[in-house]
Each structure stands twice: as C-alpha cells, then as structure tokens.
Amino acid sequence: MRSWWAVVPLALAMLAVPAEARADAPAVITHYGFDTPAGTMLEATGGARTLRIRSSSGGRVQAVPHGTGWALGFPGPCRGPHCPHVVLQSPSSADLNPGANDLAYGADVLLAPDRTSPGQNILQKGYSALGSQYKLQIDGLGGRPSCVLADVSGPSVIWIARSRIGVADGRWHRIFCRRTGVLLMVVVDRAPRGWALVPPGLSVNNNRPLSIGAKGAGPNNDQFNGVLDNIWVRIGQPLSAWSRTASSVSPDNSHANTPASDRSRA
C-alpha cells in the first residue's frame, strides 16, 4: 500500500505555482472587517452570520483605528480571580465545516511584547477534546503563532504547525493557516513559517460556533490580549501561491501528532 507521506513532495510543489497560473481562486466563505459604523459585528461578505458578543467580569471589545478603518481591541493580561473575558461568536453554520476539504483561515493581528501569555486563541471552530477543531492561536512569551487541527474521529490527537518566529512586537502582522491535502502550514506576512503533516482523511465537522478572541467567556478561556482585524475563513479550493515556496521551510514535527492537552481543548 502506498504511504500517504509520499504525496508530500507534490503538495509542496503545488505551492510554487505562480499566482497568475491559478485560475481557481476560492470565494471567501466568511470575513469580518469591523468597519461597519452601525454594527461592527456584521459579516463583511453580506452573510447572515452576525457575531454575538459574550462576556464576563466586565470584558469588552473596543474599536481601534487600523488603516482607513477599524479593528477590535481585546482585554489585556489578567491573573486575578475576576478577570475580564470576552469572545465574539457566530451562529453555528454547517458551511463553515470543511470536512476533509482544503481549508484556509486567518486574521490581521497586533500583539504587544508585554501582552503575551501561555495561550491566546485568535480564531477557532470546535474543541479538540470534543469532536473536531480548526484553530489559530498565539502561544508563549515569544508570541509564536500556530495552527491546530483535530479530527472528528476522536480527541486523542491534535496536529499543530507552529511558526518559527514570534509576532508579539507591537506591529501588525497578517497570519493565516492553510490545510492543503496532507499539508498544514502557518504563514506570517506572506512567508511560510512552519508546517506539519496531517492524515489525508482528517475531517473537521462540528456544530460549534466560529469563535474569535477566545474559546468562550468563562475562566481559562485563552483570552486574546491584543487587537484583531480582517478575520476570514475559506473552504474548498487552494489559495494562490506566495512568492516564497514551502520547500524552503523545514517541518516542526515536534508538535505534530500531539496528545490533546487541557489547554488545547480551546
């Protein structure tokens, strides 16, 4: 039987195809730009998935200027017993479940050096310990982004592509995750920064909302402590390539095929 690992060189080669040669650019499934004056939680693509704000202990988001528009700032770090928590959540939507299809999702992120923590969730759908999940997060004092997938078949394993560079420098960064076949990649400012291999049949399918800025509004919610803008998810077709190919990035397999921890249940 041919090993599925053998298809990895083909997956890597696909990323080197010039953007102008790829006529199958996908439609955006959902995008939140936070620029609507009367309702910053509306879906920018005209869909019906308006975000709901859930909070506790006085948690709130605030409008922050970004370019010619606005972004959303989240609460700062807190280690007390009554920390402010807030999350934005869309209604559960079946078309945000990629199954085993190609998937990409990301955000524009600003995080100051003094606002890092062991774990901050930017964007996720589902929980790794409760069925399946895709997630973008920033972890540790170095503020390293990572992409997480968990399969619908069980919560015992998660798959992580972790960036080799941090982004907690007080500047805006464009970060996204891409799953193409067996390849899961994290991209920072248009450059691939880490990747992991996932099973070809790995499937994400759950009835959970799309959550932004945290996994929930309760304690230990992996609260994001910076500013977010341009949250998006695409499903079904591969993204066009970047100027730098994935073949120049070595895998960070130390975090692939990892038993799900309590924190990764976010």
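Draft legend 1. Representation of the overall build of the protein in the model. A count of helices and strands for the protein gives one helix and 16 strands. Contacts spanning at least 24 positions in sequence make up 71% of the contacts within the protein whose residues lie at least 6 apart. Carbon together with sulfur atoms contributes 55% to the accessible area of the protein, which is approximately 11,500 Å² in total.

Draft legend 2. Quick look at the pattern of salt bridges. All told, the structure shown has four salt bridges when counted by the stated rule. Here Asp95 and Arg49 are joined by a salt bridge, their closest N and O atoms 2.9 Å apart. A residue pair is termed long-range when its members are at least 10 positions apart, and Asp95 in the loop between strand 5 (85–89) and strand 6 (103–110) and Arg49 in the loop between strand 1 (30–32) and strand 2 (52–56) qualify at 46 residues. Residue Arg49 is classed as buried on the basis of its relative accessible area, which comes to 11%. Here Arg171 makes a salt bridge to Asp169, at a shortest N to O gap of 3.1 Å. Judged by relative accessible area, which is 29%, Asp169 ranks as partly exposed.

Draft legend 3. Just the state of the cysteines, in detail. One pass over the full model with this rule turns up two disulfides. Linked covalently through their sulfurs, Cys147 and Cys177 form a disulfide whose S-S length is 2.1 Å. Where Cys147 bonds to Cys177 through sulfur, the torsion about that S-S bond is close to -90°, and the disulfide is left-handed. Taken together, the positions of Cys147 in strand 9 (residues 144–150) and Cys177 in strand 11 (residues 172–180) put the pair 30 residues apart, joining distant regions of the chain. This pair shows no difference in class: Cys147 is buried, exactly as Cys177 is. Bonded cysteines in the protein are paired 1-2, 3-4 when counted in the order they occur along the chain.

Draft legend 4. A look at the packing of aromatic side chains. Going through the model one piece at a time under the given rule, you end up with three aromatic pairs. Ring geometry for Phe74 against Phe224: centres 6.0 Å apart, planes inclined by 75°, an arrangement best described as edge-to-face. Of this pair, Phe74 sits in the loop between strand 4 (69–73) and strand 5 while Phe224 sits in the loop between strand 14 (210–212) and strand 15 (227–235); the two residues are 150 residues apart in sequence, bridging distant segments of the chain. The pair Phe74 / Phe224 is uniform in exposure class, with both members buried.

Draft legend 5. Looking closely at the pairing of strand 15. For strand 15, the tally of buried residues reaches seven of nine residues, placing the bulk of the element in the interior. As paired strands, strand 1 and strand 15 are joined by three bridges and run antiparallel to one another. Directly across from Thr30, in strand 15, lies its bridge partner Val233. Sheet analysis places strand 4 next to strand 15, joined by two bridges and oriented antiparallel. Paired with Gly73 across the two strands is Val227, which belongs to strand 15. Pairing analysis gives seven bridges linking strand 6 to strand 15, with the strands arranged antiparallel. Pairing of Leu103 across the sheet is with Ile235, part of strand 15.

Draft legend 6. Structural detail: the nonpolar core. Counting 42 residues, the largest nonpolar core has Phe74, Leu88, Tyr105, Ile122, Tyr134, Leu149 and Val233 as the members making the most contacts within it. Residues in contact with Tyr134, not counting those within four places in the same chain, are Leu96, Pro98, Leu103, Tyr105, Leu123, Gln124, Lys125, Val148, Leu149, Val204, Leu210 and Val233. If you look at the next biggest cluster of nonpolar residues, it comprises eight residues, including Ala104, Phe176, Leu183 and Met185.

Draft legend 7. Quick peek at the pairing of strand 9. Counting buried residues in strand 9 gives six out of seven residues, a clear majority hidden from the surface. One ladder, built from seven bridges, connects strand 8 (residues 133–139) with strand 9; its direction is antiparallel. The residue of strand 9 that forms the bridge with Asp139 is Arg144. In sequence, strand 8 turns back onto strand 9 through a hairpin of four residues, with Gly140 there showing a positive phi of about 80°. Summarising the sheet, strand 9 and strand 10 (residues 157–162) pair through five bridges and their orientation is antiparallel. For Val148, the partnering residue across the bridge sits in strand 10 and is Ile160.

Draft legend 8. Spotlight on the side chain of His85. Turning to its location among the elements, His85 is positioned in strand 5. Among the residues examined, His85 registers a relative accessible area of 12% and is labelled buried.

Draft legend 9. Unusual backbone geometry, seen in detail. Positive phi outside glycine occurs at Ser57, with the angle close to 55°. Within the secondary structure, Ser57 sits in the loop between strand 2 and strand 3 (62–66). Located in the positive-phi region is Asp222, a residue other than glycine, with phi close to 55°. Locating Asp222 in the fold gives a position in the loop between strand 14 and strand 15. Here Asp222 falls in the buried class, since its relative accessible area comes to 11%.

What counts, and where the lines are drawn
Residues numbered from 1 in each chain as written. Predicted model: local features only at pLDDT ≥ 70, side-chain atom pairs only at ≥ 80, totals over all residues. Heavy atoms only, no water. Helix = DSSP H or I, 4+ residues; strand = E, 2+ residues; numbered from the N terminus. Contact = heavy atoms within 4.5 Å. Areas by Shrake-Rupley, 256 points an atom, 1.4 Å probe, with all protein chains shown as cover. Salt bridge = Lys/Arg side-chain N within 4 Å of Asp/Glu carboxyl O. Buried < 20%, exposed > 50% of the residue type's maximum accessible area, 1.4 Å probe, protein only. Disulfide = S-S within 2.5 Å. Phe/Tyr/Trp six-rings, centres within 6.5 Å; stacked < 30°, edge-to-face > 60°. Pairing = 2+ DSSP bridges. Core = buried A, V, L, I, M, F, W, Y, C linked by side-chain atoms within 4.5 Å.

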